[in-house]
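Here are the chains, one letter per residue:
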Amino acid sequence: MNSTCLLNADLHCHSIVSDGTLSPEDLAARASANGVELWALTDHDEIGGIARARAAAHAAGMAFLSGVEVSVTFAGETVHIVGLGFDENDPGLRRGLESTRGGREGRAREMAAELARVGIHGAFEGALKYVGNPDLISRTHFARYIVEVGACGDTAEVFRKYLADGKPGFVPHRWASLGDAVAWITRAGGVAVIAHPARYAFTANEEYALFSEFKAHGGTAVEVVTGSHTAAEYVKYAQTAREFGLAASRGSDFHSPDESHTDLGQLPYLPGELTPVWELLADRIR
Ligand code: AMP
Ligand code: MN
Ligand code: MN
Ligand code: MN
């Protein structure tokens, strides 16, 4: 039993700087009220909220790690790689994230055109009303607009009917490569983590390739306990972490009080036989 697994760490969540609905300050207050001891803000492809999050974490007495969730294309699927504990002033990381954000507006305009064909009009302008950061228009913002116009009852239904791969509003997009994302994070002094591995529609062979290539590029951790996994998936990916010699991370993936079923700091602890990712990051907490 590794007793450092018994830490209320929440190392995955989103603010209005990407597709969450709360400010970094409100997230910090909510994490602290829920008993989080070590926190990271991991906005999609964007680190603009980190300074505010860190200041609010310190004011609330929480330990803090820098964080980001990078969008990657691997074997034709979108995969998310979380980075933790990097230097957010690193020029290579900043350039890489900027290039990853770059294609979002064009993609959003194409999505709006596709949605108009199936009767959802004005979706680009509609989604923009929900956007906190104009560089980061995402499918989540479209989902909020589609709920607003009454075409679906909630955002989960919007993804099922309109925004998932193969649905009418889905526009294929090429994100960063796995090797680039891991290199940006590790060269900036951080640790790269495979986010919510159970969410990807991979065959066993493709998943094996993801983990092998991730390790070969210098990735060292995987999310085991996340709001995106079932209890059975905690067990499965604890086993995968051991098999590949990866440390384990824990995070709610909280986006919004109205949309997220897992609140900040409310997950089970990491299984005790794992190496928690925060053991690799002790000197990066600040
Ligand atoms: P994007 O980066 O624009 O492709 O948007 C991806 C985001 O959409 C994810 O980070 C989630 O917040 C959200 N998302 C993806 N799939 C679903 C789903 N099935 N239900 C609700 N939200 C989803
Ligand atoms: Mn998201
Ligand atoms: Mn994700
Ligand atoms: Mn996320």
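The shown structure was predicted, so the numbers you read here are calculated from the model rather than taken from an experiment.

### Observations regarding the coordination of the manganese ion (ligand 3)
Turning to step 1, where the next piece is worked out: Distances from the manganese ion (ligand 3) to its protein donors, namely Glu 69 (OE), His 80 (ND1) and His 196 (NE2), fall within the range 2.1 to 2.2 Å.
Turning to step 2, where the next piece is worked out: The sequence motif formed by the donor residues of the manganese ion (ligand 3) is E-x10-H-x115-H.
Turning to step 3, where the next piece is worked out: The manganese ion (ligand 2) is placed at 5.7 Å from the manganese ion (ligand 3). You can see Glu 69 sitting in strand E4 (residues 67-74) and its partner His 80 sitting in strand E5 (residues 77-84), a full 11 residues away along the chain. Residues Glu 69 and His 80 agree in their burial class; the two are buried.

### Let's talk about the coordination of the manganese ion (ligand 4)
Turning to step 1, where the next piece is worked out: Taken together, the protein ligands of the manganese ion (ligand 4) are His 12 (NE2), His 14 (NE2), Glu 69 (OE) and Asp 253 (OD), with distances of 2.1 to 2.2 Å.
Turning to step 2, where the next piece is worked out: The two metals, the manganese ion (ligand 4) and the manganese ion (ligand 2), are separated by 4.6 Å. Residue His 12 is located in the loop between strand E1 (9-10) and helix H1 (24-33), and its partner Asp 253 is located in the segment after strand E8 (247-251); the two are separated by 241 residues in the primary sequence. When sorted by exposure, His 12 lands in the same class as Asp 253, which is buried.

### Description of H1
Turning to step 1, where the next piece is worked out: Burial in H1 covers these residues: Pro 24, Leu 27, Ala 28 and Ala 31. Projected down its long axis, H1 carries its buried residues within an arc of 100°, all on one side.
Turning to step 2, where the next piece is worked out: Looking at the buried side of H1, the elements it contacts are strand E2 (38-40) and helix H2 (50-59).
Turning to step 3, where the next piece is worked out: The first or second residue beyond H1 is Gly 35, which carries a positive phi of 90°.

### Thoughts on the site of ligand 1
Turning to step 1, where the next piece is worked out: Close to ligand 1 lie Asp 19, His 44, Arg 104, Arg 107, Ser 138, Arg 139, Thr 140, Phe 159 and His 255, which account for all nearby residues.
Turning to step 2, where the next piece is worked out: A distance of 3.0 Å separates an oxygen atom of ligand 1 from a polar side-chain atom of Asp 19.
Turning to step 3, where the next piece is worked out: A distance of 2.9 Å separates an oxygen atom of ligand 1 from a polar atom in the side chain of His 255.
Turning to step 4, where the next piece is worked out: Here ligand 1, which alone exposes 510 Å², has 76% of that area covered by the protein.
Turning to step 5, where the next piece is worked out: When atom positions are compared with the pocket grids, ligand 1 is found to occupy the largest pocket.
Turning to step 6, where the next piece is worked out: For the shell around ligand 1, the elements supplying multiple residues, two or more each, are helix H4 (104-117) and helix H6 (139-148).
Turning to step 7, where the next piece is worked out: Residue composition of the shell around ligand 1, by class: 1 nonpolar, 4 polar and 4 charged.

### Observations regarding the sheet that holds strand E6 (residues 191-194)
Turning to step 1, where the next piece is worked out: Spatially, 5 strands are ordered E4-E5-E6-E7-E8 in an open sheet, and the strand pairing comes out mixed. Looking at which strands have only one partner, the edges of the open sheet turn out to be E4 and E8. Between one strand and the next, the sheet's axes are offset by a mean angle of 40°, whatever the strand orientation.
Turning to step 2, where the next piece is worked out: Where E6 lies against strand E7 (residues 221-226), 2 bridges are found, and the strand directions are parallel. Note on E7: the bridge partner recorded for Ile 194 is Val 222.
Turning to step 3, where the next piece is worked out: Its contacts with the sheet put helix H8 (residues 178-187) on E4, E5 and E6, and the angle it makes with E4 is roughly 160°.
Turning to step 4, where the next piece is worked out: Along the sheet face, helix H9 (residues 204-216) touches E4, E5, E6 and E7 and points at about 175° away from the line of E6.

### Things to note about the pattern of salt bridges
Turning to step 1, where the next piece is worked out: Applying the stated rule across the entire model yields 13 salt bridges.
Turning to step 2, where the next piece is worked out: The salt bridge partner of Arg 54 is Glu 88, with a shortest N-O separation of 2.7 Å. Residue Arg 54 is found in helix H2, and its partner Glu 88 is found in the loop between E5 and helix H3 (91-102); the two are separated by 34 residues along the sequence. The exposure classification of Arg 54 matches that of Glu 88, with both residues buried.
Turning to step 3, where the next piece is worked out: Of the charged contacts in the structure, one is a salt bridge between Glu 157 and Lys 161, with a shortest N-O distance of 2.5 Å. Of this pair, Glu 157 and Lys 161 are both found in helix H7 (residues 155-163), 4 residues apart, which corresponds to roughly one turn of the helix.

### Remarks on helix H10 (residues 231-244)
Turning to step 1, where the next piece is worked out: Compared with the 20 Å implied by 1.5 Å per residue over 14 residues, the 20 Å span of H10 between its first and last C-alpha is a close match.
Turning to step 2, where the next piece is worked out: Burial in H10 covers these residues: Tyr 234, Tyr 237, Ala 238, Thr 240, Ala 241 and Phe 244. Viewed along the axis of H10, the buried residues span an arc of 165°, placing them on a single side of the element. Turned more than 90 degrees off the buried face of H10, the exposed positions are Ala 232, Val 235 and Glu 243.

### Notes on the side chain of Arg 104
Turning to step 1, where the next piece is worked out: In this fold, Arg 104 is placed in helix H4.
Turning to step 2, where the next piece is worked out: For Arg 104, a relative accessible area of 4% corresponds to the buried category.

### Quick look at the side chain of Ser 256
Turning to step 1, where the next piece is worked out: For Ser 256, the position within the fold is in the segment after E8.
Turning to step 2, where the next piece is worked out: Residue Ser 256 is classed as buried on the basis of its relative accessible area, which comes to 1%.
Turning to step 3, where the next piece is worked out: Reaching out from Ser 256, the side chain makes a polar contact with the backbone nitrogen of Asp 258 at a distance of 3.1 Å.

Rules of the game
Residues numbered from 1 in each chain as written. Chains lettered and ligands numbered in written order. Predicted model: local features only at pLDDT ≥ 70, side-chain atom pairs only at ≥ 80, totals over all residues. Heavy atoms only, no water. Donors = N, O, S within 2.8 Å, 3.2 Å for Na, K, Ca; no water. Helix = DSSP H or I, 4+ residues; strand = E, 2+ residues; numbered from the N terminus. Buried < 20%, exposed > 50% of the residue type's maximum accessible area, 1.4 Å probe, protein only. Arc of directions from axis to C-beta. Contact = heavy atoms within 4.5 Å. Near = heavy atom within 4 Å. Polar contact = N/O pair within 3.5 Å; in protein donor to acceptor, adjacent residues only side chain to side chain. Areas by Shrake-Rupley, 256 points an atom, 1.4 Å probe, with all protein chains shown as cover. 1 Å grid on protein atoms, 1.4 Å probe; cavity = no way out; pocket = protein on both sides within 12 Å on 5 of 7 lines; lining within 4 Å. Sits in = over half its atoms within 2 Å of the grid points. Nonpolar A, V, L, I, M, F, W, Y, C, P; charged D, E, K, R; others polar. Pairing = 2+ DSSP bridges. Axes fitted to C-alpha atoms, helices over the stretch in contact; angles between N-to-C directions. Salt bridge = Lys/Arg side-chain N within 4 Å of Asp/Glu carboxyl O. Expected span 1.5 Å × (residues − 1).

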